[in-house]
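One-letter residues, chain by chain:
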Amino acid sequence: KRNRQRVMAVTLTSAAILSIMGVLLSFALSARIEAEKRRDVAEEQIEFMLTDLKDDVESVGRIEILDSVVRRAEDYYQTFTPSLRNPKAFQRLSKANLSLGEIALEYGRLTEPKPLGRSAQVYFGDAYTQAQQLYDKDSNNPEYVFGLAQAAFWQGQLNFSQSTKETAFKYLTQYQTLSDRLNQLKPNTLEARRERLNAQTNLVAWNLYFGSGPS
């Protein structure tokens, strides 16, 4: 009888502990889901500020606002840097770096980190590396193909503007290859046709500017 009582006591205690652990796990999972939702909203707002808001700020000539947006975006991603384990957030990071690179390039800062954030070279380099990692993870994902195509395009444009002949050709050729791949994955879509045409136009411009293929 005493043995049965001990077994029952141990069983009831174990059940109580498991119940408590289950409740705590449920709270932890709920908190994690809520935190991920808040991060998604924050990153979507950053993406909006770096794209749509950028156009509005430029139209009224308030570049100092853009400076603040860039610095806040940098601060955010330094604090919450997503990894490839979260592909959606990692993809947003790559897009953000492309937008930051465009801003840096537009205001004439190829290598100088001031006045707005880091240099275009750093932003585009980071965006390309991140997009390449996503592409390597799933080369049949049209979004990843498009993301790497955009990163290759901007790397090509950056090197084109610096007259880095062979490096520009490498990236622009990759851009064309990726645009062809996108057309295979999304045939007869406006997006795929536009990228393919843009890629061909860029290589024509490269040949007209430099006069010959790479040595």
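Let us look at the structure shown here. Quick caveat: nothing in here was measured; it's all calculated off a predicted structure. (Residues numbered from 1 in each chain as written. Predicted model: local features only at pLDDT ≥ 70, side-chain atom pairs only at ≥ 80, totals over all residues. Heavy atoms only, no water.)

## A short note on the packing of helix H6 (residues 142-161) against helix H8 (residues 190-210)
- For the pair H6 and H8, the least separation of the axes is 12 Å and the interaxial angle reads 20 degrees. Accordingly, the angle class assigned to the pair H6 and H8 is roughly parallel. Judged by the sense of rotation from one axis to the other, the crossing of H6 with H8 is left-handed. Here Phe-146, Gln-150, Phe-153, Gln-157 and Phe-160 of H6 come into contact with H8, specifically with Glu-191, Glu-195, Asn-198, Asn-202, Ala-205, Trp-206, Tyr-209 and Phe-210.
- Looking at side-chain class alone, the contact of H6 with H8 contains 7 nonpolar, 4 polar and 2 charged residues. (Axes fitted to C-alpha atoms, helices over the stretch in contact; angles between N-to-C directions. Helix = DSSP H or I, 4+ residues; strand = E, 2+ residues; numbered from the N terminus. Parallel < 35°, antiparallel > 145°, perpendicular 65-115°, else oblique. Left-handed = near helix turned anticlockwise from the far one by under 90°. Contact = heavy atoms within 4.5 Å. Nonpolar A, V, L, I, M, F, W, Y, C, P; charged D, E, K, R; others polar.)

## Some thoughts on the pattern of salt bridges
- Inspection of every chain in the model, using the stated rule, returns 3 salt bridges.
- The salt bridge partner of Asp-180 is Arg-196, with a shortest N-O separation of 3.0 Å. One end of the pair, Asp-180, is in helix H7 (residues 165-185); the other, Arg-196, is in helix H8, and 16 residues separate them in sequence.
- Judged by relative accessible area, which is 26%, Asp-180 ranks as partly exposed.
- A salt bridge links Glu-191 to Lys-186, with the shortest nitrogen-to-oxygen separation between them at 2.6 Å.
- You can call Lys-186 partly exposed: its relative accessible area is 28%. (Salt bridge = Lys/Arg side-chain N within 4 Å of Asp/Glu carboxyl O. Buried < 20%, exposed > 50% of the residue type's maximum accessible area, 1.4 Å probe, protein only.)

## Quick look at the environment of Phe-153
- Along the chain, the position of Phe-153 falls in helix H6.
- As a C-alpha pair, Phe-153 and Glu-195 span 42 residues in sequence and 9.9 Å in three-dimensional space.

## A short note on the packing of aromatic side chains
- Within the structure shown, the criterion is met by 11 aromatic pairs.
- Judged by centre distance (5.3 Å) and plane angle (55 degrees), the rings of Phe-153 and Tyr-175 are tilted. Here Phe-153 is found in helix H6, whereas its partner Tyr-175 is found in helix H7, with 22 residues between them in sequence. Of the two residues examined, Phe-153 and Tyr-175, each falls in the buried class.
- Through successive ring pairs, a cluster of aromatic residues spans Phe-160, Phe-169, Trp-206, Tyr-209 and Phe-210.
- Looking at Lys-170, its charged tip hangs above the ring of Tyr-171, at a distance of 4.5 Å from the centre. (Phe/Tyr/Trp six-rings, centres within 6.5 Å; stacked < 30°, edge-to-face > 60°. Lys NZ or Arg CZ within 6 Å of the ring centre and 35° of its normal.)

## Topic: a nonpolar patch on the surface
- A cluster of nonpolar side chains, contributed by Ile-17, Leu-18 and Met-21, occupies part of the molecular surface with about 320 Å² of accessible area.
- With respect to the helices and strands, Ile-17 occurs in helix H1 (residues 2-50).
- On the basis of relative accessible area, Ile-17 is assigned to the partly exposed category, the value being 45%. (Patch = residues over 30% accessible without salt bridge, like charges linked within 9 Å, V, L, I, M, F, W, Y side chains within 5 Å. Areas by Shrake-Rupley, 256 points an atom, 1.4 Å probe, with all protein chains shown as cover.)

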